[in-house]
Amino acid sequence: MARWCYRHRLVVLLLWVGALFGLGFAATTAGTDYANVFSLPNTDSKRAYDQMEKAFPNSAGDTDTVVWKVDAGTVRDASVRSRIQPVLDEIAGMKGVGKVAGPYQGERGAAQISRNGRIAYAQITFGEQANAVPKELVQKVVDTAQGAERGGLQVELGGQAIQRVQEPPTGLAEMVGILAAAVVLFLAFGSLFAMLLPIGIAIFGVGTGLFSTQLLSHSTAIPDLAPLLATLIGLGVGIDYALFIVTRHRRGILRGLAPEESAVVALNTSGRAVLFAGGTVCIALAGMLVTNLRFLDGVVIGTSLTVVFSVLAATTLLPALLGLLGTRVLSRRQRRKLAARGPEPERASGAAARWSMTVQRRPRTIAALALVVMAILAIPVLSLHLGATDQGNDDATTTTRKAYDLLAEGFGPGFNGPLQVVVTDGDTAALVKSIDGTSGVAAVAALPPANGVTVIQVVPTTSPQSTRTDQLIDTLRDRVIPDAGVTAHVGGVTAVSKDFATITGDRLPYFVATIIGLGFLLLLIAFRSLVVPLTAALMNLIAAAASFGVLVAIFQWGWGLGLLGLGKEGPINAFLPVIMLSLLFGLSMDYQVFLVSRMHEEWVHTKDNARAVRVGLAETGRVINSAALIMVCVFLAFVLSGDAGAAMAGVGLAAAVALDAFILRTALVPAAMHLLGNSNWWLPAGLDKRLPHLAVEPAEASSEEAAPAGGGASVVHGFVRDAEGVPVDGAVLTLLSQGGRQLDRVTSLADGSYIVSVPAPGKYLLSATARSYGTRARHVVVTDEPLVHDVELAEGEVDVDAVN
């Protein structure tokens, strides 16, 4: 497939451009139909909502609030009323506004004035839900209301529709994330064209995924959070997947392969890992379906579609673009060096190789330090409080936050989250009296009945996010309503948030067990090992605990919120653990696949666990860290999105990816694998026979390739010495076929001499490794005569296996 895409690059490019613009035109023409459907079956708040929908079918529009406060006098003063009432009348006359209920309209309106008379509010009901109200109309309402301000009179507005117009411009977070990724890529590659490749792949993958999700929103319920999260994950995986393939392709060209062959090899190695990694991400995302929270179904659709398109772009469009660029995927300096000196074996030297050797020498110390760091970061998770953020968590400079605070000041902290007790049968008056005498209730009032349903508004004494408000809801449901002998249900936004958090907490263990189990099975099949997937599952749990600890410290405890400009501390959004764990498990599985697949490849070739872990970490560590740095930049950019949920998810995922890549995959995983030794690759023979085969690496070479045709057997012999010419005793020398099959393995003697058997004349790979030294791998060409080949080993240097 890679070769076909490379040779038919213009066709592939035109197909992708056509798909992007075609889907974009269709999506733009059809528009969006995102729906925030919080379906919580078999909950009390859902039953209350169903009864209210039957009784008040025409109250579907979004209701927002205008709040004003005077520094002196009262809001009833003629000077204040003469400024506010004309403004409310003007807003009521705007097209798209249903009605305006102000405080100057009779006895009922008087309840909208605080006891001290200094704060009042009016309710604006739009004709549509918040997402459907035109931003131009909302901005006109805001400008008109705030136009009434003067010295001593403060006017603020709150509500979902109002919140939309104070969000940053759409696409700002994405642009900042892409620019940050571009900087990291340019520093990693040193080439403008190589930098543009991963970004281009991510744009095509995210673009086609988002347009498809937008079209699907007309046929299925997809929340407006879905495209934001899809962009978040799509940019991250799209850039990362292309980065892994482009890195392998550049390595091939530097070693002398023709650009086409290099692209084919890159797709046949790293491309396979990308397919597998993308599949694990989609499976982890699909794990959200286990929670049976219909709100998350649309999130699964949007994010999975974007990941699928990102994988398709990386495996089809990328080889086509590589064909268009040829050797320009290298920097000018690399091209000049290649032309002047010819291909050279790449060496995993420098910091990556030195760190890999350090991990091998001190696995216990490094593992212990990594575990201590992760344990400390995980401590805050013990105080995790799930709930829902509201406009009280907005930045203090926003009008929604100021309106929220004014309402709390004038009418009590519970006013921003009233409870709605929906009565369908029984003595409503007796229930009102019982509720009024309940501890934690600030005010209670029954609204006029409609269609046999009476709604009792209950204002708690505590804020919507307080645990005491949750306790009040339980008291009403478990004691007050049953004792009154009526049929009633407790609803409202605060009750819905509580039920959502309860259900999420109850189902979270099943969800975690599902995605860990599926991930375990995939890694078991891919790497033919029981220990590798067990290690991966344990590491995923450690990463989840530590990343949620960081999230609690920042968003719940408020550490650093001011620096990030993210408003006030509050509970962790109830939906976030499910979404974040899905993405975290998927992304961490990516890094596990890329790291362990290279180790497994080396293990298959040499059966030397220490070498496999050392070479695998030395070769993939730098790329994994670069990929993680890109993801961290992309995720942190979503702090600028203006959406509290996206900002929380962005910070949480950035922390999770950073901890996973820089501590777990770079330190704890390889240290643990060194300590476990050959047991890393243990699999019972009976289980091995029953498991299907799933090749993350290319197929092994045939036996014919392993033993080239020609004359009889021969040998390679010589001496192993260090840079000073001192013989190296106990060095392990392995002879491999070009396909990677081990043919012979010996240990050097005290004088450094060795001799390995060669089955027939041909080209082979001779690998030498020794404790306290690095590894050297060289191709050797053997004829009918014995070949003399001396090997020099140096400290801290690891040769990349020429098989690759």
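The structure presented is a predicted model; accordingly, all values stated were derived computationally and were not measured. (Residues numbered from 1 in each chain as written. Predicted model: local features only at pLDDT ≥ 70, side-chain atom pairs only at ≥ 80, totals over all residues. Heavy atoms only, no water.)

1. Quick look at the packing of helix H10 (residues 225-254) against helix H24 (residues 644-676)
Helix-helix packing is described using two parameters, namely the angle between the two axes and the distance between the axes.
Now for step 1: Between H10 and H24, whose axes approach to 11 Å, the crossing angle comes to 20°. By the angle between their axes, H10 is roughly parallel relative to H24. In the crossing of H10 with H24, the sense of the turn from one axis to the other is right-handed. Only Ala646, Ala649, Gly650 and Leu653 of H24 make contact with H10, whose side of the interface consists of Leu228, Leu229 and Leu232.
Now for step 2: Here the contact of H10 with H24 is composed, by residue class, of 6 nonpolar, 1 polar and no charged. (Axes fitted to C-alpha atoms, helices over the stretch in contact; angles between N-to-C directions. Helix = DSSP H or I, 4+ residues; strand = E, 2+ residues; numbered from the N terminus. Parallel < 35°, antiparallel > 145°, perpendicular 65-115°, else oblique. Left-handed = near helix turned anticlockwise from the far one by under 90°. Contact = heavy atoms within 4.5 Å. Nonpolar A, V, L, I, M, F, W, Y, C, P; charged D, E, K, R; others polar.)

2. Remarks on the sheet that holds strand E2 (residues 97-101)
Now for step 1: An order of E2-E3-E1-E4 is seen for the 4 strands of this open sheet, with the pairing classed as antiparallel. Each edge of the open sheet carries a strand with a single partner, namely E2 and strand E4 (153-158). Strand-to-strand twist in this sheet, taken as the mean axis angle between neighbours without regard to direction, amounts to 20°.
Now for step 2: Where E2 lies against strand E3 (residues 119-126), 4 bridges are found, and the strand directions are antiparallel. Following the sheet pairing, Lys99 is matched in E3 by Thr125.
Now for step 3: Across the sheet, helix H4 (residues 78-92) touches strand E1 (63-70), E2, E3 and E4, and the angle it forms with E2 is around 160°. (Pairing = 2+ DSSP bridges.)

3. Quick notes on helix H2 (residues 9-30)
Now for step 1: A rise of 1.5 Å per residue sets the reference length of H2, with its 22 residues, at 32 Å; its end C-alpha atoms lie 31 Å apart and thus fit the reference within 8%.
Now for step 2: Considered for burial, the residues of H2 that qualify are Val12, Trp16, Leu20, Gly24 and Ala27. For H2, the buried positions fall inside an angular range of 95° around the axis, keeping them on one side. Counted as exposed and oriented over 90 degrees from the buried face of H2: Leu10, Leu14, Leu15, Phe21, Phe25 and Thr29. (Expected span 1.5 Å × (residues − 1). Buried < 20%, exposed > 50% of the residue type's maximum accessible area, 1.4 Å probe, protein only. Arc of directions from axis to C-beta.)

4. Here's the deal with the environment of Gly549
Now for step 1: Checked against the element boundaries, Gly549 lands in helix H20 (residues 531-556).
Now for step 2: For the pair Gly549 and Arg507, spaced 42 residues apart in the sequence, the C-alpha separation amounts to 20 Å.
Now for step 3: Apart from residues no more than four positions distant in its own chain, Gly549 is found in contact with Leu377, Ala378, Pro380 and Val381.

5. Points about the confidence of the model for the protein
Now for step 1: Here the protein averages 84 in pLDDT, and 92% of its residues register 70 or above.
Now for step 2: At the level of individual helices and strands, the protein shows its lowest average pLDDT in helix H26 (residues 703-706), which scores 38, and its highest in helix H15 (residues 363-378), which scores 95.
Now for step 3: Across residues 700-710, confidence stays below pLDDT 50; counting only partners more than four residues off in sequence or on other chains, it has 22 contacts.
Now for step 4: Considering only residues more than four positions removed or in separate chains, one finds that residues 798-804, a stretch of pLDDT under 50, has 40 contacts. (pLDDT = per-residue confidence, 0-100.)

6. Considering the packing of aromatic side chains
Now for step 1: Under the definition given, this model contains 8 aromatic pairs.
Now for step 2: Seen from their ring centres, Phe411 and Phe415 are 4.8 Å apart, and the 25° between their planes marks the pair as stacked.
Now for step 3: Among the aromatic residues, ring-to-ring pairing joins Tyr121, Phe411 and Phe415 into one connected group.
Now for step 4: Taking NZ or CZ as reference, Arg9 lies 5.3 Å from the ring centre of Tyr6, over its face. (Phe/Tyr/Trp six-rings, centres within 6.5 Å; stacked < 30°, edge-to-face > 60°. Lys NZ or Arg CZ within 6 Å of the ring centre and 35° of its normal.)

7. Observations regarding unusual backbone geometry
Now for step 1: Despite not being glycine, Asn451 has its phi angle at roughly 55°, a positive value.
Now for step 2: You can see Asn451 is positioned in the loop between strand E7 (441-446) and strand E8 (454-460).
Now for step 3: By relative accessible area, Asn451 is classed as exposed at 63%.
Now for step 4: The phi torsion at Arg528 lies on the positive side, around 50°, for a residue other than glycine.
Now for step 5: Residue position: Arg528 is located in the loop between helix H19 (493-527) and H20.

8. A word on the side chain of Arg250
Now for step 1: Among the secondary structure elements, Arg250 is positioned in helix H10.
Now for step 2: Within the structure, the side chain of Arg250 is placed 3.1 Å from the backbone oxygen of Phe189, a separation counted as a polar contact. (Polar contact = N/O pair within 3.5 Å; in protein donor to acceptor, adjacent residues only side chain to side chain.)

9. Here's the deal with the pattern of salt bridges
Now for step 1: By the definition in use, this model includes 12 salt bridges.
Now for step 2: For the salt bridge of Arg477 with Asp44, the shortest nitrogen-to-oxygen distance reads 3.0 Å. Taken together, the residues Arg477 in helix H18 (residues 467-484) and Asp44 in helix H3 (residues 44-55) connect sequence positions 433 residues apart.
Now for step 3: On the basis of relative accessible area, Asp44 is assigned to the buried category, the value being 15%.
Now for step 4: Here Asp50 and Lys46 are joined by a salt bridge, their closest N and O atoms 3.0 Å apart. A residue pair is termed a helical-turn pair when its members lie 3 or 4 positions apart in one helix, as Asp50 and Lys46 do in helix H3 at 4 residues.
Now for step 5: Members of the salt-bridge network, linked through shared partners, are Arg3, Arg7, Glu260 and Glu261. (Salt bridge = Lys/Arg side-chain N within 4 Å of Asp/Glu carboxyl O.)

10. Some details on the sheet that holds strand E6 (residues 419-425)
Now for step 1: The 4 strands lie next to each other as E7-E8-E6-E9, forming an open sheet whose pairing is antiparallel. Two strands lie at the open edges of the sheet, namely E7 and strand E9 (487-491), each paired on one side alone. This sheet shows a mean twist of 20° between the axes of neighbouring strands, independent of strand direction.
Now for step 2: When E7 meets E8, the two strands line up antiparallel, connected through 5 bridges. Considered in E8, the bridge of Ala446 is made with Ile456.
Now for step 3: Against the sheet, H18 touches E6, E7, E8 and E9, its axis set at about 175° to E9.

11. Examining the nonpolar core
Now for step 1: Among the nonpolar cores identified, the biggest contains 159 residues, and Tyr241, Met288, Phe555, Ile579, Leu581, Tyr591 and Phe635 are the most heavily contacted of them.
Now for step 2: It is H24 that contributes the most residues to this core, 20 residues altogether.
Now for step 3: Not counting residues up to four positions away in its chain, the partners in contact with Tyr241 are Val274, Ala277, Gly278, Val281, Val311, Ala314, Asp590 and Phe594.
Now for step 4: Formed by 30 residues, the second largest nonpolar core is a distinct cluster that contains Val87, Val97, Val100 and Ile162. (Core = buried A, V, L, I, M, F, W, Y, C linked by side-chain atoms within 4.5 Å.)

12. Remarks on the pairing of E6
Now for step 1: Note that E6 and E8 share 5 bridges and pair antiparallel. Bridging across to E8, Leu419 finds its partner in Val458.
Now for step 2: In this structure, E6 lies alongside E9, joined through 5 bridges in antiparallel fashion. Looking across to E9, one finds that Asp425 is bridged to Thr487.

13. Remarks on the environment of Val100
Now for step 1: With respect to the helices and strands, the residue Val100 is situated in strand E2.
Now for step 2: Assessed through its relative accessible area of 13%, Val100 is described here as buried.
Now for step 3: Distance in space between the C-alpha atoms of Val100 and Val441 is 28 Å, their sequence separation being 341 residues.
Now for step 4: When neighbours within four sequence positions are excluded, Val100 is seen to be in contact with Leu88, Ile91, Ala92, Gln105, Ala122, Gln123 and Ile124.

14. Thoughts on a nonpolar patch on the surface
Now for step 1: The grouping of Phe186, Leu192, Phe193 and Leu196 at the surface amounts to a nonpolar patch, some 370 Å² of accessible area in total.
Now for step 2: Per element, the largest residue contribution to the nonpolar patch is 3 residues, and it comes from helix H9 (residues 192-216).
Now for step 3: When you line up the elements, Leu196 lands in helix H9.
Now for step 4: Residue classification places Leu196 among the partly exposed residues on the basis of a relative accessible area of 44%. (Patch = residues over 30% accessible without salt bridge, like charges linked within 9 Å, V, L, I, M, F, W, Y side chains within 5 Å. Areas by Shrake-Rupley, 256 points an atom, 1.4 Å probe, with all protein chains shown as cover.)

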